[in-house]
Amino acid sequence: MDRYVCIHGHFYQPPRENPWLEQIELQDSANPYHDWNERITYECYEPNIASRIMENGKIIRIVNNYEGISFNFGPTLLSWLKTKNPEVYKDILKADKKSAEKFNGHGSALAQAYNHMIMPLANKRDKETQVIWGIRDFERRFKRKPEGMWLPETAVDTETLEVLAEHEIKFTILAPGQAAAIRKTGTEKWTELNGNQVDPKKPYLCNLPSGKSIVLFFYDGPVSHDLAFNSLLKDGKDFADRLLGVFDRKTSQPQLVHIATDGESYGHHHRHGDMALAFCLHFINKYKKADLINYAAFLEKHPPEFEVQIHEGTSWSCAHGVERWRSNCGCKATDDPKITQEWRGPLRKALDWLRDQAEPIYTEGLAKYKLDPWEIRNRYIDVILDRSDENIDAFIGEHFGNITGEEKTHLLQLLEIQRNAMLMYTSCGWFFNDISGIETIQVMAYAARVVQLVEKVSDKELENVFIELLEDIPGNYPEASNGRVVYEEHIQPGIIDLRRVAGHFAVASLYIGHEEVSSYGAYRLIQKNTEELEAGKQILKGGEIEVYSRITQEQKSFKYLVLNLGGHNILGGVCESGYLNDFNKAYREISDAFNKNKINEIILKLDQHFGNHDHSFWHLFKDKQREIISLLLKERLDAIEGAFRLLFNNNYSLMQMINQFKMPMPDAFSFPGEFILNAEIRKNLQEEEINLDELSNHLKEIDRFSFDIDIKTTVLHMQKVVNKLLSRIEGNKSDVEILKKLNAFLELIRNYRIELDLWKAQNLYYLAGKSHYDRFYQQSITGNPEASAWVRAFNTTGSYLNIKIA
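A brief look at the structure comes next. Just so it is clear, the structure is predicted and the values come from calculations on it, not from any experiment. (Residues numbered from 1 in each chain as written. Predicted model: local features only at pLDDT ≥ 70, side-chain atom pairs only at ≥ 80, totals over all residues. Heavy atoms only, no water.)

1. Side note on the sheet that holds strand 11 (residues 191-192)
Working definition: the strands of a sheet are paired by backbone hydrogen bonds and lie parallel or antiparallel to each other.
(1) Moving on: A sheet is described by the order of its strands in space; here six strands give the open sequence 9-13-12-16-10-11, paired in mixed fashion. Among the strands making up the open sheet, the edge pair consists of strand 9 (171-174) and strand 11.
(2) Moving on: Across two bridges, the pairing between strand 12 (residues 204-207) and strand 16 (residues 306-310) is parallel. Across the sheet, tyrosine 204 pairs through a bridge with phenylalanine 306, a residue of strand 16.
(3) Moving on: The sheet contacts of helix 6 (residues 158-166) involve strand 9, strand 12, strand 13 (213-218) and strand 16, and relative to strand 13 the element is tilted by about 115 degrees. (Pairing = 2+ DSSP bridges. Helix = DSSP H or I, 4+ residues; strand = E, 2+ residues; numbered from the N terminus. Contact = heavy atoms within 4.5 Å. Axes fitted to C-alpha atoms, helices over the stretch in contact; angles between N-to-C directions.)

Next up, the structure:
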């Protein structure tokens, strides 16, 4: 059979990376550095790893979709997954390995140009580094050389293809409208193409001016569009039929039907789209409708017989080429006619100015070492991928020899200038609607880091001029009227240096204990000579702290004194250790004022000894602010719960009587009662071993009084109980008691019509079944009573989870 199907998923969730802390979060509409919403992780990535195939209303198989599709992940996203969801990360790597075993050594994973920069708008040096970094990141993770590379937004020009070919990338994927002309290999006449006329079912060789070449695949535009923007993923069989319908039945030539969309289509944009994908692949494979394959494997079997020329400077997401990333072309993410993109051009102009200011600082800084500064930048990816002191020292030693600590820090700061100068061109910064969007704020944050580092390593002052350029960038909303307003409101307050880190540590230490050596983001902290006084709820704390950057190896020592007046009311002073000669004297004077409760005198002494008293709760970084607010809330919530419990217990008999006479329950009774019963349910569910009788009684009480179950939190805890019990299944006879308890728990939940998200539970059940079911089943049919009990209990669990082990 010479009919093949390939489905490509491009996964690039825009990162929310704090350029100072080196902490990666992903997109959140509330704040650029807000905690990542786990729902997006589940919908975008996890189902594609373990997706369901259903027949007759029952799950019959759970598959790793990535084994059957082509895919690429942005490096930052993979870094985030490795930390936040290591099991998903491992399964992505495993999928590539299994696909390589299946497809004669050709894995399904593609590399990606490193930080999603629009390549035709980049200079040649940046193109080179983006490709080299993307390749090295891929090699580090997937343990092989990439054969293909995804270009951000499929944005392409000949120079970009030259760079790919130079670095032995065999192919890339483009949109059909990016093909300009084709011809049969060996002929001279070119056939010009208009619109989407290219036949996407075959590969094309693009010969380059250098004499090198690269293969281009043009995905099927109509099918890809309907999958991404219409309802093609509502039914897996319809999806399969649509793909199979693309084949030309009049030819015996090899044909590849392939599509490319954002991977988020399968679950996030289209609920249960992952299941449609899984069934589609299952159907095509089961009924031998076509062979599933990836691009590299197809290329090995069927090299291109046609040549192609491209339209220069084009992409898949802008009808005007690549103007979406530099002008008000009309492409935007809203239908509001009042919203314009006049800000795009001035933003690129401001960043280009900053890049050009930073470049000579970098090249001149490396000049004395007589090394190619751009080759050193290309190799810096080896440090980015491993920030350990040992690896950094090895990199410095290899390229710069034996240098001082200050020189090493200076070099690392220069290289970080270059890294952030590329990150600030991440494509999503221009993609959406306004200069105040979180994506644009992110690229401005990278720019601010460039400004900070340039001013640190040189005598150039860039920020004032940069802000003036930002002021010329028009916004669409009164509250964000120009780029300067956005920068001063969203970026400047978050700029961090070593003193800010020391201040954060000092304030946080009033609430949370720290080890002698601790870390936060990109910094290592060592505390020394700590002193502390308490008077009721007031705390005075002082000491010395050494702050060390793992990124640049810059380090400084600071002394601090902070005062907590209760709750989140804090004031304190922080200064470099050299500024304060006699810390003991400062501490004596301030502690004396503290013991006498002379707050005004404390402020005067802080100013006298530290030069400031401006450190407060608001100097904490966002995640720590939330953590401490939660601690402060717990104390108050515990008190409220105690009061509600007293009300509920004291009035329980009266509430029973009111309920018995079917009288309306007063709010003063119902609210505390509902609160306490839900609290009891949560506590039970959080115990190491749940008490089913108590849980049943509390649910009955809620039902009797017509109270509402706190679904949002209760369901989460119930899911954890189910998953915890399933994870204990080890394939021995003691499993039966666990399964019986689980089944009783699931029956209780069903009786109260509580709906759980069973995705993870189904995965655990499926894995347990694959590991143990056949052995127990074979024993059961020989009359083994213990095995029969195990099979019965396990099958009962499967009926609750709507899954069958075939």
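2. Remarks on the pattern of salt bridges
Pairs can form between side chains of opposite charge once their charged atoms are near each other.
(1) Moving on: Tallying each qualifying case throughout the model produces 48 salt bridges.
(2) Moving on: The partner of lysine 202 in a salt bridge is aspartate 199, with the nearest N and O atoms 3.8 Å apart.
(3) Moving on: For the salt bridge of aspartate 638 with lysine 634, the shortest nitrogen-to-oxygen distance reads 2.8 Å. Here aspartate 638 and its partner lysine 634 are both found in helix 23 (residues 622-650), four residues apart, which amounts to about one turn of the helix.
(4) Moving on: Relative accessible area serves as the criterion here: at 41%, aspartate 638 is assigned to the partly exposed category.
(5) Moving on: In the salt-bridge network here, residues are joined through shared partners; they are Arg136, Glu139, Lys145 and Asp382. (Salt bridge = Lys/Arg side-chain N within 4 Å of Asp/Glu carboxyl O. Buried < 20%, exposed > 50% of the residue type's maximum accessible area, 1.4 Å probe, protein only.)

3. Some words on the packing of helix 18 (residues 463-471) against helix 19 (residues 483-491)
(1) Moving on: The interhelical angle for the contact between helix 18 and helix 19, taken along N-to-C directions, is 125 degrees, at an axis separation of 6 Å. Compared by their axis directions, helix 18 and helix 19 come out oblique. Listed contacts from helix 19 to Glu463, Phe466, Ile467, Leu470 and Glu471 of helix 18 are Gly483, Arg484, Tyr487 and Glu488.
(2) Moving on: In the contact of helix 18 with helix 19, the residues fall into four nonpolar, one polar and four charged. (Parallel < 35°, antiparallel > 145°, perpendicular 65-115°, else oblique. Nonpolar A, V, L, I, M, F, W, Y, C, P; charged D, E, K, R; others polar.)

4. Observations concerning the environment of arginine 140
(1) Moving on: As for its placement among the helices and strands, arginine 140 is situated in helix 5 (residues 124-142).
(2) Moving on: Exposure remark for arginine 140: the relative accessible area of 32% places this residue in the partly exposed category.
(3) Moving on: Between the C-alpha atom of arginine 140 and that of valine 501, which follows or precedes it by 361 residues, the distance is 31 Å.
(4) Moving on: Ignoring anything within four residues of it in the chain, the contact list for arginine 140 reads Asp382, Leu385 and Asp386.

5. Comments concerning unusual backbone geometry
(1) Moving on: One non-glycine residue, asparagine 529, lies in the positive phi region at around 50 degrees.
(2) Moving on: Among the structural elements, asparagine 529 can be located in strand 20 (residues 523-535).
(3) Moving on: Accessibility expressed as a relative area gives 56% for asparagine 529, which makes it exposed.
(4) Moving on: At glutamine 553, a residue that is not glycine, the phi angle is positive and equals roughly 60 degrees.

6. Here we look at the packing of aromatic side chains
(1) Moving on: According to the stated counting rule, one finds 37 aromatic pairs in the structure shown.
(2) Moving on: Aromatic side chains tryptophan 150 and tryptophan 316 sit 5.2 Å apart centroid to centroid with 70 degrees between the ring planes, which places their arrangement in the edge-to-face category. Of this pair, tryptophan 150 sits in strand 8 (residues 149-150) while tryptophan 316 is found in the loop between strand 16 and helix 11 (344-367), placing the two residues 166 residues apart along the sequence.
(3) Moving on: By relative accessible area, tryptophan 316 is classed as partly exposed at 22%.
(4) Moving on: Through a chain of ring-to-ring contacts, the aromatic side chains of Tyr765, Tyr773, Phe776, Tyr777, Trp790 and Phe794 assemble into a single cluster.
(5) Moving on: Note that arginine 3 overlies the ring of phenylalanine 247, its terminal NZ or CZ placed 4.5 Å from the centroid.
(6) Moving on: The residue whose ring lies beneath arginine 348 is tryptophan 430, and the NZ or CZ to ring-centre distance is 4.5 Å. (Phe/Tyr/Trp six-rings, centres within 6.5 Å; stacked < 30°, edge-to-face > 60°. Lys NZ or Arg CZ within 6 Å of the ring centre and 35° of its normal.)

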